[in-house]
Amino acid sequence: MKIDNINQSTNFGMALRINPSAQKALENAPLDTIKSLQRAGEELKDTKFCDLEIGENLTPRIDSVYANAFVPPFTLIKPLDEFLTIATKWDGTELNGLAKGSAYHASMKFENTKAALEAYNSLKDIHTNLDRAIALTKMFDNEFIRKDAIENSKKVSQENIKHMAQDLMSKFGTDTHKNEFKK
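All values reported here derive from a predicted model rather than from experimental measurement. (Residues numbered from 1 in each chain as written. Predicted model: local features only at pLDDT ≥ 70, side-chain atom pairs only at ≥ 80, totals over all residues. Heavy atoms only, no water.)

Visitor: Any details on the environment of Thr-33? Residues and values, ideally.
Guide: Looking at the element boundaries, Thr-33 is found in helix H2 (residues 31–43). Taking the C-alpha atoms as reference points, Thr-33 and Leu-130, separated by 97 residues in sequence, lie 8.0 Å from one another. When residues no more than four places from it in sequence are discounted, the contact partners of Thr-33 are Leu-58 and Leu-130. (Helix = DSSP H or I, 4+ residues; strand = E, 2+ residues; numbered from the N terminus. Contact = heavy atoms within 4.5 Å.)

Below, the structure is given as structure tokens:
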């Protein structure tokens, strides 16, 4: 059976973005920072939902297509369940009383507690805000990709059911005007 009009995500091409306000700091940055940014450009070139912005004073800002954005510190909270939580500062669109600079807890859901702990352990050994931001950008992007795939799967299933129902009606449906019981 052919299914047309499947809604797929059109979000793609997010990546590393360096704001012009960062140029002077970038020119005076240590070699390690330059190398980290080069690596970030390569590692983040295929992200679909998140990007990493580098602003004034080379401050990393994790941004997503959902108007979520946050800046350092990226303090990890050891997971007790399948959620990895990062204490940070909000830098996105103001919403529900959450203003720029407010304390914020970003979280991502993993398959289970063990997976969340593995992610936590991989991040806790990263000590610079920039390198932690690179890793978090990839993790959040992967989480959004996973959620998008689930949503698209639901849409495909709903479309499939709709087409199957239409097929059944065209093959076996009765026209109540033609098939009325005769007295």
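Visitor: Account for the nonpolar core, with residues named and values stated.
Guide: Core analysis: the largest hydrophobic core is formed by 33 residues, its most contacted members being Leu-52, Ile-54, Leu-84, Ile-86, Met-108, Leu-136 and Phe-140. If you list the elements that add at least two residues to this core, you get H2, strand E2 (50–54), strand E4 (69–77), strand E5 (83–90), strand E6 (103–109), helix H3 (113–124) and helix H4 (129–172). Apart from the residues within four sequence positions on either side, Leu-52 is in contact with Ala-15, Leu-16, Arg-17, Leu-44, Pro-60, Arg-61, Ile-62, Leu-130, Ala-133, Ile-134 and Thr-137. (Core = buried A, V, L, I, M, F, W, Y, C linked by side-chain atoms within 4.5 Å. Buried < 20%, exposed > 50% of the residue type's maximum accessible area, 1.4 Å probe, protein only.)

Visitor: Help me get a handle on the pattern of salt bridges, residues and values and all.
Guide: What the rule picks out here adds up to 13 salt bridges. Put simply, Arg-39 and Asp-131 hold a salt bridge, and the shortest N to O gap is 2.7 Å. Highlighted residues: Arg-39 in helix H2 and Asp-131 in helix H4, separated in sequence by 92 residues. The exposure class of Arg-39 is partly exposed, given its relative accessible area of 33%. Note that Glu-143 and Lys-147 form a salt bridge whose closest N and O atoms lie 3.8 Å from each other. Of this pair, Glu-143 and Lys-147 both sit in helix H4, 4 residues apart, which is roughly one turn of the helix. According to the relative accessible area criterion, Lys-147 is partly exposed, its value standing at 45%. By sharing partners, the salt bridges in this structure join Arg-17, Asp-51, Glu-53, Arg-61, Asp-63 and Asp-91 into a single network. (Salt bridge = Lys/Arg side-chain N within 4 Å of Asp/Glu carboxyl O.)

Visitor: Tell me about the sheet that holds E5, residues and numbers included.
Guide: Taken together, 6 strands build an open sheet; the order of strands is E1-E2-E3-E4-E5-E6 and the sheet is mixed. For this open sheet the edge positions go to strand E1 (16–18) and E6, each flanked by a neighbour on one side alone. Direction aside, neighbouring strands of the sheet carry axes that sit 40 degrees apart on average. Relative to E2, E1 runs parallel, the two sharing 3 bridges. (Pairing = 2+ DSSP bridges. Axes fitted to C-alpha atoms, helices over the stretch in contact; angles between N-to-C directions.)

Visitor: Explain the pairing of strand E3 (residues 60–64) residue by residue, including any values.
Guide: Most of E3 is tucked away, with 5 of its 5 residues classed as buried. On E3, burial covers both faces: Pro-60, Ile-62 and Ser-64 on one face and Arg-61 and Asp-63 on the other are all buried. Hairpin connection of E2 to E3: 5 residues between the antiparallel strands, including Asn-57 at a positive phi of 60 degrees. In sequence, E3 turns back onto E4 through a hairpin of 4 residues, with Ala-67 there showing a positive phi of about 70 degrees.

Visitor: Kindly report on the pairing of E2, identifying the contributing residues and their values.
Guide: A large share of E2 lies buried, amounting to 5 of its 5 residues. Both faces of E2 are covered, namely the face carrying Cys-50, Leu-52 and Ile-54 and the face carrying Asp-51 and Glu-53.

Purely geometric numbers; function is a separate question.
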